[in-house]
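# Reading the structure
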Amino acid sequence: MRLPKFPQPLARLICKLPALPATASLVALLNLVAWKSLKDLDWTPLYGKRFCVHVRDTGIRAYFSVSRRGFVSEVNRQADVTFTATAEDFARLALRVDDPDTLFFNRRLLIEGNTDLGLMVKNMLDAVELETVLQHLPALMSRAVTGLRNKAMGQDIVAAH
């Protein structure tokens, strides 16, 4: 099942903005939603490296690095590795509907630059279970993510109250 498309009028507006608002928004979201689940991983080899997430259908390019405290916005538009996909494909990755290898081999996820670094990040993120991330989210957000995942997987399951 396909997830909703990113609204094109909003995409046209966002791609005209400087990179920093998109980067700051992505970094805030990653720190809020994912960092509690990811902070115990060994990020040491990634310190000092710059990453870019390019959302192809929106034009968004977000640049960031990793520190002991979480993800950090970068104003420098140079990246050691860039991950490129559509908004839907990034959502499908985050929701664990599709795995990165499938999207990569179907040319829906591109890893450019230092591909060894990109594969290291991919493997680290693959090691974190969605259920672990959901445990660190507020209950309402966790239910919303679970519902969206079930819908994307074609399982219109209503959670028992």
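Residues numbered from 1 in each chain as written. Predicted model: local features only at pLDDT ≥ 70, side-chain atom pairs only at ≥ 80, totals over all residues. Heavy atoms only, no water.

### Here's the deal with the pairing of strand 1 (residues 51–55)
- The buried fraction of strand 1 amounts to five of the five residues, a majority that puts the element mostly inside the structure.
- Alternating residues of strand 1 divide into Phe 51, Val 53 and Val 55 and Cys 52 and His 54, and every residue in both groups is buried.
- Pairing analysis gives five bridges linking strand 1 to strand 2 (residues 60–67), with the strands arranged antiparallel. For Cys 52, the partnering residue across the bridge sits in strand 2 and is Tyr 63.
- Counted between consecutive antiparallel strands, the loop separating strand 1 from strand 2 contains four residues, among which Gly 59 sits at a positive phi close to 85°. (Buried < 20%, exposed > 50% of the residue type's maximum accessible area, 1.4 Å probe, protein only. Helix = DSSP H or I, 4+ residues; strand = E, 2+ residues; numbered from the N terminus. Pairing = 2+ DSSP bridges.)

### With respect to the sheet that holds strand 4 (residues 81–85)
- In space, the five strands of this open sheet follow the order 3-2-1-4-5, with mixed pairing throughout. Where the open sheet ends on each side, the last strands, each with one partner, are strand 3 (70–73) and strand 5 (110–113). Within this sheet the neighbouring strands show an average axis-to-axis angle of 30°, counted without direction.
- Direction of pairing for strand 2 relative to strand 3: antiparallel, over a ladder of four bridges. (Axes fitted to C-alpha atoms, helices over the stretch in contact; angles between N-to-C directions.)

### Some remarks on the nonpolar core
- In terms of nonpolar packing, the biggest core is built from 26 residues, with Leu 38, Trp 43, Leu 46, Phe 51 and Phe 71 touching the most fellow members.
- Only helix 2 (19–33), helix 3 (35–38), strand 1, strand 2, strand 4, helix 6 (115–126) and helix 7 (130–135) provide two or more residues apiece to this core.
- Setting aside chain neighbours within four positions, we find Leu 46 in contact with Phe 51, Leu 117, Met 120, Val 121 and Met 124. (Core = buried A, V, L, I, M, F, W, Y, C linked by side-chain atoms within 4.5 Å. Contact = heavy atoms within 4.5 Å.)

### What about the packing of aromatic side chains?
- Applying the stated criterion to the full structure yields six aromatic pairs.
- With a centroid separation of 5.9 Å and 80° between ring planes, the pair formed by Trp 43 and Phe 71 is classed as edge-to-face. A residue pair is termed long-range when its members are at least 10 positions apart, and Trp 43 in the loop between helix 3 and strand 1 and Phe 71 in strand 3 qualify at 28 residues. In terms of burial, Trp 43 and Phe 71 fall into one category: buried.
- Each residue in the set Trp 35, Trp 43, Phe 51, Phe 64 and Phe 71 is aromatic and connected to the rest through ring pairs, giving one cluster. (Phe/Tyr/Trp six-rings, centres within 6.5 Å; stacked < 30°, edge-to-face > 60°.)

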